[in-house]
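Spelled out from the first residue to the last, the chains are:
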Protein chains: 2
Amino acid sequence: MTETTLTEQHRELLDQVLDKWSLQILEALCGSPLRFNELRRAIPLVTQKSLTAALRRLERNGMVERVVTGTRPVAVEYRITPLGDSLQDLIDALLHWTTETLPAVERARASFDDA
Amino acid sequence: MTETTLTEQHRELLDQVLDKWSLQILEALCGSPLRFNELRRAIPLVTQKSLTAALRRLERNGMVERVVTGTRPVAVEYRITPLGDSLQDLIDALLHWTTETLPAVERARASFDDA
DNA sequence: CGGTATCCAGAAAGATACTG
DNA sequence: CAGTATCTTTCTGGATACCG
């Protein structure tokens, strides 16, 4: 039997890769690799600081790869890794679940907010 | 074709039901319904405030049900709903993924932290 | 028992300016 | 282009006290 307890390590990993900006970064990169400023444009509300932080976290956890190509001016490309691809499957499952349950959730919210 | 874009609504829902405490609450409740202080004991590090806030959020989104039984003293039972059960399946998938990829993630972290 | 209310400290996030 | 540094503000989370 495999152990199925939700430990702090599991939760920490999920927190680091499923946060607000990381979801959108992964979604943007799953089509094709993008440069830093291309990512900024793909995710309109993100600040430079938050984008940098999220990218570093994803890179540290092996989900994206940072590739420096040019030298003057510097060109940096971010691409999804195989590990990131497996995460993308999971995100698709999350997205599928939200799409399915959102109507019921909205009904629950409306009835809760009445009371 | 179904639309598979990650909108703000989808992300908001995930944020509200997949946060640190909600994951542990759902895990605790999936066995059997629990009272408020039983939940506190089941999740050692949670404060009263955080537990209350997470329970209200889960209740509002239709994931758990709050059942008041006694009158003096008050007895409150929290039980998982069918919607919460569907979320539990998803959490199992998350847990399965973390269990599978954690070794690779730890290698990635070690190599990142070296540089 | 099952909460609410209040206060406060520390972390996170936004704005701005600067750099190789 | 791709960031870093700094400052400020905002939000979260813990500690504590109290209530029906």
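Residues numbered from 1 in each chain as written. Chains lettered and ligands numbered in written order. Predicted model: local features only at pLDDT ≥ 70, side-chain atom pairs only at ≥ 80, totals over all residues. Heavy atoms only, no water.

Enquirer: Would you mind going over the sheet that holds strand E2 (residues 64-68) of chain A with me for this structure?
Expert: Neighbouring strands of a sheet are bound in pairs by backbone hydrogen bonds; such pairs are parallel or else antiparallel. Residue and element names in this part refer to chain A. Across the sheet, which stays open at both edges, the three strands sit in the order E1-E3-E2 with antiparallel pairing between neighbours. Every other strand in the sheet has two partners, leaving strand E1 (34-35) and E2 as the edge strands with one partner each. Of the pairings in the sheet, the one linking E2 to strand E3 (residues 76-80) comprises five bridges and is antiparallel in character. Directly across from Val-67, in E3, lies its bridge partner Glu-77. Together, E2 and E3 form the strand contacts of helix H4 (residues 48-60), whose direction differs from that of E2 by roughly 110°. (Pairing = 2+ DSSP bridges. Helix = DSSP H or I, 4+ residues; strand = E, 2+ residues; numbered from the N terminus. Contact = heavy atoms within 4.5 Å. Axes fitted to C-alpha atoms, helices over the stretch in contact; angles between N-to-C directions.)

Enquirer: Is there a simple way to think about the protein's contact with DNA strand D in this case?
Expert: Contacts to DNA strand D come from 14 residues, most closely from Arg-35, Gln-48, Arg-66 and Tyr-78 of chain A together with Lys-49 of chain B. When atoms of DNA strand D within 4 Å of the protein are sorted by moiety, sugar and phosphate together comprise 61%. With respect to DNA strand D, the side chain of Arg-35 of chain A contributes an N or O atom lying 2.6 Å from a phosphate oxygen. Breaking the surface near DNA strand D down by element, the ones donating at least two residues are helix H3 (36-42), H4 and E3 of chain A together with helix H4 (48-60) of chain B. The element best represented in the surface near DNA strand D is H4 of chain A, accounting for four residues. (Near = heavy atom within 4 Å. Polar contact = N/O pair within 3.5 Å; in protein donor to acceptor, adjacent residues only side chain to side chain.)

Enquirer: Looking at this model, I keep getting lost on the pattern of salt bridges. Mind explaining?
Expert: Here the idea is simple: oppositely charged side chains can pair when their charged atoms come close. As enumerated under the stated definition, the model contains twelve salt bridges over all chains in all. The closest approach of N and O atoms between Arg-60 of chain A and Asp-113 of chain B, which form a salt bridge, is 2.9 Å. Highlighted residues: Arg-60 of chain A in helix H4 and Asp-113 of chain B in helix H5 (residues 82-114), drawn from two different chains. Among the residues examined, Asp-113 of chain B registers a relative accessible area of 44% and is labelled partly exposed. Between Asp-15 of chain B and Arg-11 of chain B there is a salt bridge, with its nearest N and O atoms 2.5 Å apart. Taken together, the residues Asp-15 of chain B and Arg-11 of chain B, both in helix H1 (residues 8-17) and four residues apart, mark about one turn of the helix. Taken together, the salt bridges that share partners define one network made up of Glu-8, Arg-11 and Asp-15 of chain A. (Salt bridge = Lys/Arg side-chain N within 4 Å of Asp/Glu carboxyl O. Buried < 20%, exposed > 50% of the residue type's maximum accessible area, 1.4 Å probe, protein only.)

Enquirer: What exactly am I supposed to notice about the environment of Val-68 of chain B here?
Expert: Residues and elements named next belong to chain B. Mapped onto the elements, Val-68 comes out in strand E2 (residues 64-68). With ten residues separating them along the chain, Val-68 and Tyr-78 place their C-alpha atoms 8.8 Å apart. Excluding its chain neighbours within four sequence positions, the residues that come into contact with Val-68 are Val-74, Ala-75 and Val-76.

Enquirer: What am I meant to see in the UniProt feature "domain: HTH hxlR-type" (unreviewed entry) in chain A here?
Expert: Mapped onto the present numbering, the UniProt feature "domain: HTH hxlR-type" (unreviewed entry) falls on residues 7-106 of chain A. Helix makes up 65% of residues 7-106 of chain A and strand 12%. Its end C-alpha atoms lie 31 Å apart. (UniProt positions renumbered as here; feature names shortened; annotations may be inferred.)

Enquirer: How should I be thinking about the interface of chain A and chain B in this particular structure?
Expert: Quoted interface sizes are often the accessible area lost when the parts come together. The interface is formed by 41 residues belonging to chain A together with 41 residues belonging to chain B. For the pairing of chain A and chain B, the buried interface totals around 4,000 Å² over both sides, and the portion due to carbon and sulfur atoms is 69%. If you sort the residues of chain A by the area they bury against chain B, Arg-60, Trp-97 and Arg-109 of chain A come out on top, with a joint share of 18%. Linking chain A with chain B are four salt bridges. Along the contact surface separating chain A from chain B lie twelve residue pairs in polar contact (both at pLDDT 80 or more). Of all the secondary structure elements, the ones that give two or more residues to the side of chain A that touches chain B are helix H1 (8-17), helix H2 (20-29), H4 and helix H5 (82-114) of chain A. Looking at which element gives the most residues to the side of chain A that touches chain B, the answer is H5 of chain A, with 19 residues. Classifying every residue of the side of chain A that touches chain B by side-chain character gives 19 nonpolar, twelve polar and ten charged. (Buried area = accessible area lost by both parts, 1.4 Å probe. Nonpolar A, V, L, I, M, F, W, Y, C, P; charged D, E, K, R; others polar.)

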